[in-house]
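Inside the fold
Take a look at the letters that make up each chain.
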Amino acid sequence: MKTSFFTTATFVLLSFFSFAQEPVLIKPDTSNYLGGSFGPNKKHYVHSKFSFGINAPVDLIPDMRYSPFRSWNIQVGSIYKYKVSKYFGLIAELALSSENMVFNQDDEISFSPYPTVIGEIERVKWFRTSLDLQLGVRINYQKNRGNTLGNFVDLGVLGGLPLNTRWEYTGVDANNTDMEIVLQRPEFVSLSAGEMPTALSYYYGAYTRVGFNKLAIVVRAVQYTENRWVLLPGIEFEF
Amino acid sequence: MKNQYITAILLTASLLLGVNGFCQSAFWVFFTDKEGVTFEPRAYFHAAAIERRIMNGLPECDSSDYPVREDYVAQVSEMASETGYASRWFNALYIHATPEQLSQIQKLPFVNEIMPVYSTLQLAESNVSDSLQYFNKTHFQQINLMGGEDFMNRGIDGSGIRVAVFDAGFPQVDVHSAFNHIRESNRIAETFNFAKPKKDVYRSNSHGLSTLSNIGGIFNGQTLGLATGATFLLAVTEINIEILKEEHWWIAAAEWADKHGAHIINSSLGYGVDRYFPEEMDGKTTLITRGANKAAGKGILVVNSAGNEGDDKRWRIIGAPADGDSVLAVGGINPDNNNKIDFASFGPTPDGRKKPNVSASGKTMAAKKGDVVGINYGTSFSAPLVAGFAACAMQYLQGITAMELFAEIEQSASLYPYFDYGTGYGIPQAARIFERNPIIEETFEVLKKDGTLQFSILPTATKNQRTNRFLGEEYLYYHLADDADRLLHYEVLGVYSSTPLTIDISELSSAAKTLRVHYKGYTKTISLR
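Residues numbered from 1 in each chain as written. Chains lettered and ligands numbered in written order. Predicted model: local features only at pLDDT ≥ 70, side-chain atom pairs only at ≥ 80, totals over all residues. Heavy atoms only, no water.

Looking now at the overall build of chain B. What chain B contains, in helices and strands, is 14 helices and 24 strands. When each of the 529 residues of chain B is scored for burial, the buried share is 63%. Only carbon and sulfur atoms are counted for the fraction: they give 49% of the accessible area of chain B, which is about 19400 Å². (Helix = DSSP H or I, 4+ residues; strand = E, 2+ residues; numbered from the N terminus. Buried < 20%, exposed > 50% of the residue type's maximum accessible area, 1.4 Å probe, protein only. Areas by Shrake-Rupley, 256 points an atom, 1.4 Å probe, with all protein chains shown as cover.)

Quick look at the pairing of strand β2 (residues 44-54) of chain A now. Residue and element names in this part refer to chain A. On β2, burial follows the alternation: Y45, H47, K49, S51 and G53 on one face are buried, whereas H44, V46, S48, F50, F52 and I54 on the facing-out side are not. For β2 and strand β4 (residues 72-85), the ladder comprises eleven bridges, and the chain directions are antiparallel. Pairing of S51 across the sheet is with Q75, part of β4. Across four bridges, the pairing between β2 and strand β11 (residues 228-238) is antiparallel. From the neighbouring strand, K49 faces β11, where its bridge partner is E238. (Pairing = 2+ DSSP bridges.)

All right, on to the sheet that holds strand β24 (residues 522-527) of chain B then. Here we have five strands laid out as an open sheet, ordered β1(A)-β21(B)-β20(B)-β23(B)-β24(B), and antiparallel in their pairing. At either end of the open sheet lies a strand with only one pairing partner, and these are β1 (22-26) of chain A together with β24 of chain B. On average, adjacent strands in this sheet sit at an angle of 20 degrees to one another, irrespective of strand direction. In this structure, strand β20 (residues 475-481) of chain B lies alongside strand β23 (residues 514-519) of chain B, joined through six bridges in antiparallel fashion. Residue pairing for β23(B): H479(B) is matched across the bridge by R516(B). (Axes fitted to C-alpha atoms, helices over the stretch in contact; angles between N-to-C directions.)

Residue and element names in this part refer to chain A. With respect to burial, strand β10 (residues 215-225) is a largely interior element, eight of its eleven residues being buried. Relative to β11, β10 is paired through ten bridges, and the arrangement is antiparallel. Pairing of L215 across the sheet is with F237, part of β11. Turn length for the β10-β11 hairpin, with the two strands adjacent in sequence and antiparallel, is two residues.

All names here are of chain B. Direction vectors running N to C along helix α12 (residues 379-396) and helix α13 (residues 402-412) enclose 110 degrees, while the axes themselves pass 11 Å from each other. When the axis of α12 is compared with that of α13, the two are roughly perpendicular. In terms of crossing hand, the pair formed by α12 and α13 is right-handed. Only L405, I409 and S412 of α13 make contact with α12, whose side of the interface consists of V386, F389, A390, A393 and M394. Within the contact of α12 with α13, the residues separate by chemical class into seven nonpolar, one polar and no charged. (Parallel < 35°, antiparallel > 145°, perpendicular 65-115°, else oblique. Left-handed = near helix turned anticlockwise from the far one by under 90°. Contact = heavy atoms within 4.5 Å. Nonpolar A, V, L, I, M, F, W, Y, C, P; charged D, E, K, R; others polar.)

Moving on: helix α3 (residues 47-55) of chain B. Taken residue by residue, α3(B) has A48(B), A49(B), I50(B), R52(B) and R53(B) as its buried positions. Each element contacted by the buried residues of α3(B) is listed here: α2 (41-44), β6 (162-167) and α10 (246-259) of chain B.

Turning to the pattern of salt bridges, a few remarks are in order. Residue and element names in this part refer to chain B. This structure, assessed with the given rule, holds 27 salt bridges over all chains. Across the salt bridge formed by R53 and D65, the nearest N and O atoms sit 3.0 Å from each other. With a gap of twelve residues between them, R53 in helix α3 and D65 in the loop between α3 and α4 (70-79) connect regions that are remote in the sequence. Since its relative accessible area comes to 2%, D65 is described here as buried. A salt bridge links E246 to R275; its shortest N-O distance comes to 2.7 Å. (Salt bridge = Lys/Arg side-chain N within 4 Å of Asp/Glu carboxyl O.)

Below, the discussion takes up the confidence of the model for chain B. Parts of the prediction with low pLDDT should not have their coordinates interpreted in detail. Residue and element names in this part refer to chain B. On average, residues of chain B score 88 in pLDDT, and 89% of them are at 70 or above. Overall, residues 13-22 carries pLDDT values under 50, and its contacts beyond four positions in sequence, including any with other chains, amount to 15 contacts. pLDDT under 50 marks residues 120-129. Its contacts with residues more than four places away, or in other chains, come to 37 contacts. (pLDDT = per-residue confidence, 0-100.)

Residue and element names in this part refer to chain B. Looking at where A390 falls in the secondary structure, it is placed in helix α12. Judged by its relative accessible area of 0%, A390 is buried. Apart from the residues lying within four places of it in its own chain, the contact partners of A390 are I264, L301, L405 and I409.

Time to look at the environment of A97(B). Residues and elements named next belong to chain B. With respect to the secondary-structure elements, A97 resides in strand β3 (residues 92-97). Using a relative accessible area of 2% as the deciding quantity, one classes A97 as buried. C-alpha of A97 to C-alpha of E82: the two residues are 15 residues apart in sequence and 7.0 Å apart in space.

As a further point, take the packing of aromatic side chains. What the rule picks out here adds up to 30 aromatic pairs over all chains. Measuring from centroid to centroid gives 5.6 Å for Y204(A) and W229(A), while their planes differ by 75 degrees, and the two rings are edge-to-face. Placement of the pair is Y204(A) in strand β9 (residues 203-212) and W229(A) in strand β11, with a sequence separation of 25 residues. With relative accessibility at 41%, the residue W229(A) sits in the partly exposed group. Seen from their ring centres, F31(B) and F110(B) are 5.8 Å apart, and the 55 degrees between their planes marks the pair as tilted. With F31(B) in strand β1 (residues 25-31) and F110(B) in the loop between α5 (99-106) and β4 (111-117), the pair connects residues that are 79 residues apart, well separated along the chain. No difference in accessibility class separates F31(B) from F110(B), as the two residues are buried. Grouped by ring-pair contacts, the aromatic residues Y66(A), F103(A), W126(A), W167(A) and Y224(A) constitute a single cluster. Sitting above the plane of the Y203(A) ring, R128(A) keeps its charged end 3.9 Å from the centroid. One Lys or Arg, R138(A), reaches over the ring of F152(A) and ends 3.9 Å from the middle of that ring. (Phe/Tyr/Trp six-rings, centres within 6.5 Å; stacked < 30°, edge-to-face > 60°. Lys NZ or Arg CZ within 6 Å of the ring centre and 35° of its normal.)

This part covers the side chain of K298(B). Residues and elements named next belong to chain B. Checked against the element boundaries, K298 lands in the loop between α11 (287-297) and β12 (301-305). A relative accessible area of 3% places K298 in the buried class. Those residues in contact with K298, other than ones at most four positions away along the chain, are R52, R53, L58, D62, S64, D65, W89 and D258.

A separate point is the sheet that holds strand β19 (residues 452-457) of chain B. Residues and elements named next belong to chain B. Spatial ordering of the open sheet is given by β18-β19-β22, a layout of three strands whose pairing is antiparallel. One side of each edge strand has no neighbouring strand; the edge strands of this open sheet are β18 (444-449) and β22 (501-504). On average, each strand axis in the sheet is tilted by 20 degrees relative to the strand beside it, whichever way the strands run.

Residues and elements named next belong to chain B. Of note, the amide linkage connecting K196 to P197 takes the cis form, showing an omega dihedral of -10 degrees. For P197, the location among the structural elements is in the loop between β7 (188-193) and α9 (207-216). Cis geometry marks the peptide bond from Y416 to P417, where omega comes out at 5 degrees. Positionally, P417 belongs in the loop between α13 and α14 (430-434). The backbone of N91 shows a phi angle near 50 degrees, a positive value even though the residue is not glycine. Looking at the secondary structure, you find N91 in the loop between β2 (82-87) and β3. Phi angles above zero are rare outside glycine, and D371 is one such case at about 55 degrees. With respect to the helices and strands, the residue D371 is situated in the loop between β16 (363-368) and β17 (372-377).

See the structure below:
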């Protein structure tokens, strides 16, 4: 290792000082890729992820019907993996997450108590973008996986900081006029009327991921209001 | 509503699981013997295969040509979830099996070894640009850099040579006008889609459409590849989304190509990054590389692209099967500056062998879907240029063996005997196939002065152009090698003065034993002992 270091150092110095020429190609440093510790199945690895999914049904708002195909979640971020042993690793992730939750009026409900200015709620749309920090453990259950991520299961916890929250209420008032109320950053708004749930200025949760090399199924369970949690499943691409 | 949701999740999960085989994996099961198996080579092989073996000084057949014992295959098939190709060369069967099934198979007395196959998803590489502006220039460069006109002017077009092309699909090869001349004379001798399996190869990924055209296509009178007179065997060995099996299809295709008398295999495919460790590119670990070497042992010249990971810091080096010592690994040149093209993978192999062997233009004009041509980038397209060159050289050098041809191509290359791990020996030159030992004029001189070596360009430095179309613009190449001729350092320099290189000997590492310098066809070797 020492010899290799001095040889490399010598040639680097030679390139800078001894040769008065203009190189268009120089032998690349081999230490990064040969015998190094960075790679999908090596000691350290950093890669990107992108996931999207349809949120699990949730009873966030009484008497409102959850709209599954308008309620989605996406997440984009980076994963650092530290390989502890062949079958076990630690992971840390930083990601931007967005969730969109849509609820429609139930047929049999004609009146909703909040916000009171809207007599009849037709649709509620909650949107949140946040910065998530996720910490977990990875269990690799594929024995022969070459230099790939292989098949694995992740279990971990997460903490999130909402960067943008927006709640929209659409309906009609007592005079049957279309009304829309938009609450931007509702976690900082205090509403006394009705039974408004409280938005969170930070949240926590847990997650699990079942991965097949570059594809994974991921499920996050996150706190959405003070006493409600949502399940955010998705398909994730590792790249 | 919840039911709908659960159905969607289950569908997604089943898709994912189906792609990857949740609880079962792929393996090669190697058998102990071929006892009792009979084989009649003249009934099995195409006449061209027998002829090729004789030409290469090989027996008509050996034990590796005998089929795998059917009773072994039958027994293992009963125990495995799925079986694939039974390789004669390796006396092995490809299977999918659960751990429980595998432990039962392992106990069979005729099972010698079981080798796991790594599972990944990977897209076939194809990098395409359709900039019309460069068509003519690119066409000229891809042929001219090899001095291809020297073959064309002599009427050498690879006639009589059978070239097998392994790729991800050959859509429209049956209708594209770039192959009219081949179809009109029935020179697509055999086709097989190992991924289906069926004979139809004229669907799927158009990567093979382009690579085939760079071996022997002609479009609107313009030659896209040099072997316009060759006969072709087309094999699909890869699909866009791979499901474990592509390397085993490659081996099956190699045995098929051997059977049908292929002289040359062109494979613009490679497996490395996201699958193997770089250390495993040692020419003996992956079965696909061992299969490619086996093909060479049967007298077939295997030409393989070096790979496009040169600027991928996770990998950078060549993939399998280009790491095989009998595989002609082809790197890429940027025809716009005649230097190594950025993405072309570097050598050497982890065990220090020289790779790539040679290079060709990494930017080519090639056939595209819709009866048009377009510009492609990748060593996928430089390899077929060299395969076309090899077919022409083989036609001219009648009776030459595959490994002799391998050496001829290396020795014909523009930098030979100089090499580096970026471009190998440089670009093969047709003129050097005709004129084996051209007179090479000195293009620079060396002055020893105050413990330094000073290299000065001679005024006569343009004389070697006749045998070397590729002169690397105004580049000077030098490398420092150790006792085992492994390169400790190499550089390519732009020459902007008459003394482009000065080396202070006292500054050099004690491991450096040889200095080689190349400029415009002339190489000087200086011992530093």
